[in-house]
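As a plain string of letters, each chain reads:
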Amino acid sequence: MDALTLHRLHFAFTITYHYLFPQLTMGLALLIVVLKTIALKTNDERYEDSARFWARIFAVNFLLGVVTGIPMEFQFGTNWSEFSRRTGGVIGMPLAMEGVFSFFLESSFLGLFLFGQKRMSRWAHWGTAVMVFLGSWISGYFIIVANAFMQHPVAYTVLPNGLYEVASFWGLLANPWALLEYAHTMCAAVVTASFVMSSVGALYLLQERKGDFGRIFLKVGVVAGIVSCIAQIFPTGDLHGKYMAKNQPVAVAAMEGLFHTEKGAPMVVMGQPNYETQQIDNPIAVNKVLSFLIYGTTAAEVQGLDAYPRDQWPSTLPLLFYSYHIMAGLGTYFAALMAVAGFLLWRGRLYVSRWLLWFLLLSWPLPYIATTAGWMTAEIGRQPWLVYGLIRTSEGASKHVGAETSLFSLLGFLGLYSVLSILWTVLVYNFIQKGPQSPSDNTTGPSLTGI
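Small disclaimer: the values here were computed from a predicted structure and weren't measured.

**Student:** It is not clear to me how the nonpolar core should be interpreted in this structure. Could you clarify?
**Tutor:** The tendency in soluble globular proteins is for nonpolar side chains to be buried side by side. If you look at the biggest cluster of nonpolar residues, it comprises 125 residues, and the most contacted ones within it are Trp54, Phe217 and Leu350. Top element by residues in this core is helix H7 (residues 176–206). It accounts for 18 residues.

Pasting the structure below:
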C-alpha cells in the first residue's frame with residue numbers, strides 16, 4: 001500500500017479506537033447526573049451508591065479516552081501535516097478551546113466528584129456531577145465544530161499564500177452542520193450509556209443478586225434508552241439527513257446505493273451495490289420512500305450518482321453503503337428493543353422477563369458498532385474531500401512521511417492499544433463483578449461465567 005492509504009488507515013484506526021471511550025463517558029455523565037438528582041430529591045442512598053459505582057467506570061473510560069486522544073491529535077502534525085498547515089488557522093481554534101476550557105473543566109470537577117464527597121455538602125457534590133457533565137458535553141461540541149468545518153466549511157477566508165483562517169468566530173461555532181451533527185452524536189452517546197447501564201442491570205437480575213441495584217440500573221437505562229433512541233431517529237437523524245442531502249447530495253446517493261437519478265426514488269433496505277454494473281444486486285426496497293424522507297413528497301426527484309462526475313464519487317462506495325445500512329438497521333433495532341422493554345417496565349413485568357433481560361445483556365456492544373458505522377458513513381461519505389469542496393484527501397497528507405514509517409507506527413499502535421484493551425476489560429470486569437458498595441448490601445453474587 002502507498003503512504004496515503006496507510007495514513008488513512010492509521011488515522012481511521014486511531015480515531016475509531018479512541019471514540020470507544022468518549023461516547024460512554026459523555027452518555028454516562030448525563031445518567032450520573034440523573035442518579036444524583038434522584039438521590040438528592042428522594043434522599044435514597046441506593047441512587048447515591050449507584051452514582052458512585054458508575055463514576056468509577058466513568059473515570060476508567062475518561063482516562064483511556066485521554067490516553068488515546070492525545071496521539072490522535074499528534075497525527076495531524078505527522079501523517080497530515082499539509083492539512084494542518086493549510087487549515088490550522090481554523091480547526092486549531094476549536095481544538096485548543098476543547099483542551100483549555102472543557103477538558104480542564106471536566107477533569108478538575110471529576111477529581112472533586114470522585115474524592116470530595118465526604119468534604120462537601122450534598123448539593124455541592126451534585127454540582128460537581130453537573131460540571132463534569134457540562135465539561136464533557138462542551139468538549140464534544142468543540143470537537144464536532146472542527147469536524148463540521150471539514151464536512152461543511154463556513155466562516156473562513158483564504159489568504160494569498162493558500163492558508164485558511166477564521167473569518168467569523170461565532171459563524172464557525174454556529175455552523176449548522178455542527179449543531180445537527182452534535183445533537184445526533186450526543187443522542188448516540190446516551191444510547192450507548194443507556195444500553196451499557198441496562199445490560200449491567202439485566203446481568204444483576206439474571207444472577208439474582210441481592211439488593212435493588214439491578215432494578216435501578218435497568219429502569220434508568222431503559223427510560224434513557226427510550227428517549228435517546230427516539231431522538232436519535234427523529235428529529236436529530238431526520239434533520240441531519242435532510243441537511244446532508246442538501247449539501248452533500250453525492251454522499252447521500254452513495255449511501256442509499258442510488259446510481260441513477262429517479263423520481264419517486266426507493267429506499268433500499270438490503271442489497272449489494274455493484275460498482276461495475278451500477279445497480280443494487282438482490283435489492284429489498286420500499287418504493288418512493290427515499291423521495292419522501294428527503295423532500296416530504298413521494299414524487300420528488302432524487303439525484304443519483306450519475307448526476308456527478310466520477311471523480312467526486314466516494315472512493316469506497318460499497319463500504320459506505322454497508323456502514324450506513326448497519327447504522328440505520330441497528331438504530332431501528334435499538335428503538336424496537338427499548339420500546340418493548342419500556343412496555344414491560346410500565347406493566348411491571350420487565351424484571352422477571354428473562355428472555356428480554358438476555359436481549360438487553362447481549363446487546364451492549366451493538367451501540368459501539370452502530371456509532372462506529374455512523375462515523376464511517378460521515379467520513380467516507382465526505383471523500384474524496386478532506387475539507388469538502390476545498391481540499392482533497394490526497395492533498396492533505398504529509399509529504400515526508402513514507403509508507404514504511406506509517407506502517408511501523410500503525411503496528412506499534414495496534415500493540416499498545418491491545419494492551420489498553422486488556423487493561424480496560426480487567427478493570428471494568430472487576431468493577432461490575434464487585435458491584436455498587438452499600439452498607440446494606442455487600443454481596444457480589446456469582447461470577448459472570450456462572451449465570
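**Student:** Please explain the pairing of strand E5 (residues 279–286) as it appears in this structure.
**Tutor:** One face of the sheet, then the other: side chains in a regular strand alternate in exactly this way. Here strand E4 (residues 267–274) pairs with E5 via six bridges, running antiparallel. Along E5, the bridge assignment pairs Met270 with Ile284.

**Student:** Even after reading the chapter, I still don't get the side chain of Ser194, so can you show me in this structure?
**Tutor:** Its place among the elements puts Ser194 in helix H7. Excluding residues that lie within four positions of it along the chain, Ser194 makes contacts with Leu31, Gly221, Ala224, Gly225, Ser228 and Met338.

**Student:** What should I look at first to understand the environment of Ile226 in this one?
**Tutor:** The topology assignment puts Ile226 in helix H8 (residues 213–247). Owing to a relative accessible area of 25%, Ile226 belongs among the partly exposed residues under this scheme. Sequence separation of Ile226 and Thr372 is 146 residues, and the distance between their C-alpha atoms is 21 Å. Those residues in contact with Ile226, other than ones at most four positions away along the chain, are Met338 and Gly342.

**Student:** Quick question: what am I supposed to make of the packing of helix H11 (residues 317–346) against helix H13 (residues 366–382) here?
**Tutor:** Packed helices, taken two at a time, are described by their axes: the angle between them and the distance between them. Two elements in contact, H11 and H13, have axes separated by 8 Å at closest approach and are oriented at 140°. Regarding H11 and H13, the two cross each other, and that crossing is left-handed. Only Leu366, Pro367, Ile369, Ala370, Ala373, Gly374, Met376, Thr377, Ile380 and Gly381 of H13 make contact with H11, whose side of the interface consists of Leu319, Leu320, Ser323, Tyr324, Ile326, Met327, Leu330, Tyr333 and Phe334. Across the contact of H11 with H13, the residue classes break down as 15 nonpolar, four polar and no charged.

**Student:** Whenever I open this one, the packing of aromatic side chains confuses me. Can you help?
**Tutor:** The description of an aromatic ring pair uses the distance of the two centres, along with the angle that the planes make with each other. By the definition in use, this model includes 32 aromatic pairs. Measuring from ring centre to ring centre gives 5.9 Å for Phe149 and Tyr156, while their planes differ by 85°; the resulting arrangement is edge-to-face. With a centroid separation of 5.9 Å and an interplanar angle of 55°, the aromatic rings of Phe343 and Trp346 are classed as tilted. Placement of both Phe343 and Trp346 in helix H11 is noted, with a separation of three residues, approximately one turn of the helix. The partly exposed category is assigned to Phe343, whose relative accessible area is 43%. Of the aromatic side chains, those joined through ring pairs into one cluster are Phe13, Tyr17, Phe21, Phe413 and Tyr417. Arg392 extends its terminal NZ or CZ atom over the ring of Trp385, reaching a point 4.6 Å from the ring centre.

**Student:** Honestly, the packing of helix H3 (residues 45–78) against helix H4 (residues 81–115) in this entry has me stumped. Any pointers?
**Tutor:** Where H3 contacts H4, the two axes come as close as 12 Å, and the packing angle between them is 160°. Here H4 runs roughly antiparallel to H3, going by the angle between their axes. Read as a crossing pair, H3 and H4 show a hand that is left-handed. Residues Ala51, Ala55, Phe58, Ala59, Phe62, Val66, Glu73, Phe76, Gly77 and Thr78 of H3 touch H4, and the partners they reach there are Ser81, Phe83, Ser84, Leu95, Glu98, Phe103, Glu106, Ser107, Leu110, Phe113 and Leu114.

**Student:** For this particular structure, what's the right way to read the pattern of salt bridges?
**Tutor:** Pairing of side chains with opposite charge becomes possible as their charged atoms draw close. Taken as a whole, this structure holds 10 salt bridges when the rule is applied. Here Asp212 makes a salt bridge to Arg46, at a shortest N to O gap of 2.7 Å. Taken as a pair, Asp212 in the loop between H7 and H8 and Arg46 in helix H3 lie far apart in primary sequence, 166 residues in all. Residue classification places Arg46 among the partly exposed positions, given a relative accessible area of 33%. A salt bridge links Asp49 to Arg52, with the nearest nitrogen and oxygen atoms 2.1 Å apart. One end of the pair, Asp49, and the other, Arg52, are both in helix H3, three residues apart, so they sit about a helical turn from each other.

**Student:** Explain helix H15 (residues 403–434) here, please?
**Tutor:** Two residues of an α-helix separated by three or four positions point the same way, owing to the 3.6 residues in each turn. Taking 1.5 Å of rise per residue, the 32 residues of H15 would be expected to cover 46 Å, and the 46 Å separating its terminal C-alpha atoms lies within 8% of that figure. Next to the buried residues of H15 lie helix H1 (3–18), H3 and H7. One or two positions beyond H15, positive phi appears at Gly435, with a value near 80°.

Rules of the game
Residues numbered from 1 in each chain as written. Predicted model: local features only at pLDDT ≥ 70, side-chain atom pairs only at ≥ 80, totals over all residues. Heavy atoms only, no water. Core = buried A, V, L, I, M, F, W, Y, C linked by side-chain atoms within 4.5 Å. Buried < 20%, exposed > 50% of the residue type's maximum accessible area, 1.4 Å probe, protein only. Helix = DSSP H or I, 4+ residues; strand = E, 2+ residues; numbered from the N terminus. Pairing = 2+ DSSP bridges. Contact = heavy atoms within 4.5 Å. Axes fitted to C-alpha atoms, helices over the stretch in contact; angles between N-to-C directions. Left-handed = near helix turned anticlockwise from the far one by under 90°. Nonpolar A, V, L, I, M, F, W, Y, C, P; charged D, E, K, R; others polar. Phe/Tyr/Trp six-rings, centres within 6.5 Å; stacked < 30°, edge-to-face > 60°. Lys NZ or Arg CZ within 6 Å of the ring centre and 35° of its normal. Parallel < 35°, antiparallel > 145°, perpendicular 65-115°, else oblique. Salt bridge = Lys/Arg side-chain N within 4 Å of Asp/Glu carboxyl O. Expected span 1.5 Å × (residues − 1).

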